[in-house]
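Results of the structural survey
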Amino acid sequence: MSAKRSAQIAGTMAMALAVVVFLPRLFATQQPVAFNHKKHVDLKMPCASCHSGATGDERAGIPSSAICSLCHAREKETPESPAELLAFLEAGHEIPWVQVYRVPDYVNFSHRRHTLLGGLECATCHGDIAESTRPIARQDMQVKMARCLDCHLERKVTTDCMACHR
Amino acid sequence: MKEALTPHDAARRLPTIVASVFGSLALFYGYLAWNSFLWSPGWAIRYAGSDAERPAFLTAPPNAAQANSEAGPVARGRTVYLRSGCAICHGLDGKGGIRNPNAQTDEEIPSLVYVAEGYTPEELKDRIRRGVADIARMNPEGPPPPLTMPSWHERLSAQQVEDLVAFLISLMPKEAKEIW
């Protein structure tokens, strides 16, 4: 292979790499704070202590910034606090988290029914989120009707349409 | 002037083109796999549409517990405990066990189950209002334990503190009361 052709291939590959890496980032948005689930779970904090509706309500909920401020403050040496988090807390603003998990409006979904009554672990639907070190950006296991039905059939719970649909 | 591309030349360039296309696809796949490994690709997320949409999935503020004024103090206190963030450190059932590296208490948040033995209700209220800013260190040379107890004086109302104390005292197992 000639040097010229090698250079052509290398150039093409470099351009392809640049497009692949940087083009999506042009259209990408990020979660507002680099939240690390793993750091919190490693301290054995239960999921439902921050997502306080996870076992008792329809919605699991995302903690308000007041909850974050219980531990995170600029004057505290530990725990480590990302600068963007401190900016929100010091401005007294709620953190504009992006809700990733949603069920359609025509679906009745209750966390309580699935966790407290059904005994499901958070990981059953949310996957290995406890090990994630970057803020959640997509559904680890997609919320799809087929997946709901598979699980309902496997666990022999109702598949009646009206049990889940409004 | 550039000479026209002959079929022979085109055929010679074909491997380069094929290699470039497949190389690009392989790189793209690698990029996706890498992002997936690191949790998720950046383009899969989007911001919430509006501010009005946001509060729907934020947990209710602590004072929402007061909405259920018909519940007894223990039930209201439990709601305050779960909603205000107490459970983050002390656990959903008050049994503690959350790791607090370099804390003197076995590097864990202590249990609240037996606070009724060691504190009067007034002492408990005082402890909650003041918080514990400095946690004793297991290794004095080590870093401060990351989890401290904030002052709840401005975070909770007097009624909420009252209810919270009622809940904490109720954590004491019945058998333990009889033994003592």
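Residues numbered from 1 in each chain as written. Chains lettered and ligands numbered in written order. Predicted model: local features only at pLDDT ≥ 70, side-chain atom pairs only at ≥ 80, totals over all residues. Heavy atoms only, no water.

1. A look at the nonpolar core
In this structure, Tyr81(B), Leu147(B), Leu164(B) and Leu168(B) are the most contacted members of the largest nonpolar core, which totals 28 residues. Sort the elements by how many residues they give to this core and helix 6 (residues 158-170) of chain B lands first, with five residues. Setting aside residues no more than four positions away along its own chain, Tyr81(B) makes contact with Cys86(B), Ala87(B), His90(B), Gly91(B), Leu92(B), Gly94(B), Leu112(B), Leu164(B), Phe167(B) and Leu168(B). In terms of nonpolar packing, the next biggest core, distinct from the first, is built from eight residues, Ile62(A), Leu85(A), Phe88(A) and Ile95(A) among them. (Core = buried A, V, L, I, M, F, W, Y, C linked by side-chain atoms within 4.5 Å. Buried < 20%, exposed > 50% of the residue type's maximum accessible area, 1.4 Å probe, protein only. Helix = DSSP H or I, 4+ residues; strand = E, 2+ residues; numbered from the N terminus. Contact = heavy atoms within 4.5 Å.)

2. Comments concerning the environment of Val98(A)
All names here are of chain A. Of note, Val98 is situated in the loop between helix 5 (83-91) and helix 6 (111-117). Residue classification places Val98 among the buried residues on the basis of a relative accessible area of 6%. Taking the C-alpha atoms as reference points, Val98 and Ala137, 39 residues apart in sequence, are found 8.1 Å from one another.

3. Overview of the pattern of salt bridges
Proximity of charged atoms lets side chains of opposite charge pair with each other. Applying the stated criterion to the full structure yields nine salt bridges over all chains. Within this structure, Lys38(A), Asp42(A) and Glu131(A) form a network of salt bridges that share partners. (Salt bridge = Lys/Arg side-chain N within 4 Å of Asp/Glu carboxyl O.)

4. Things to note about helix 8 (residues 145-154) of chain A
Of all ten residues making up helix 8 of chain A, only one are buried, and the element is barely covered by its neighbours. Positioned one or two residues after helix 8 of chain A, Lys156(A) has a phi angle of 55 degrees, which is positive.

5. Section: the confidence of the model for chain A
Per-chain confidence: chain A averages 86 in pLDDT, with 93% of residues scoring 70 or above. Averaged over each element, pLDDT in chain A is lowest for helix 1 (residues 3-27) of chain A (71) and highest for helix 2 (residues 37-42) of chain A (95). (pLDDT = per-residue confidence, 0-100.)

6. Notes on a nonpolar patch on the surface
A cluster of nonpolar side chains, Leu14(B), Ile17(B), Val18(B), Val21(B), Phe22(B) and Leu25(B), forms an exposed patch at the surface whose accessible area comes to about 580 Å². Position of Leu14(B) among the secondary structure elements: in helix 1 (residues 7-37). (Patch = residues over 30% accessible without salt bridge, like charges linked within 9 Å, V, L, I, M, F, W, Y side chains within 5 Å. Areas by Shrake-Rupley, 256 points an atom, 1.4 Å probe, with all protein chains shown as cover.)

7. Quick notes on the packing of helix 5 (residues 121-130) of chain B against helix 6 of chain B
Residue and element names in this part refer to chain B. At a minimum axis separation of 10 Å, helix 5 and helix 6 run at an interaxial angle of 120 degrees. With respect to helix 6, the axis of helix 5 lies oblique. The two elements helix 5 and helix 6 cross, and the hand of that crossing is right-handed. Across the interface between the two elements, Pro121, Leu124, Lys125, Ile128 and Arg129 from helix 5 touch Val161, Glu162, Leu164, Val165, Leu168 and Ile169 from helix 6. (Axes fitted to C-alpha atoms, helices over the stretch in contact; angles between N-to-C directions. Parallel < 35°, antiparallel > 145°, perpendicular 65-115°, else oblique. Left-handed = near helix turned anticlockwise from the far one by under 90°.)

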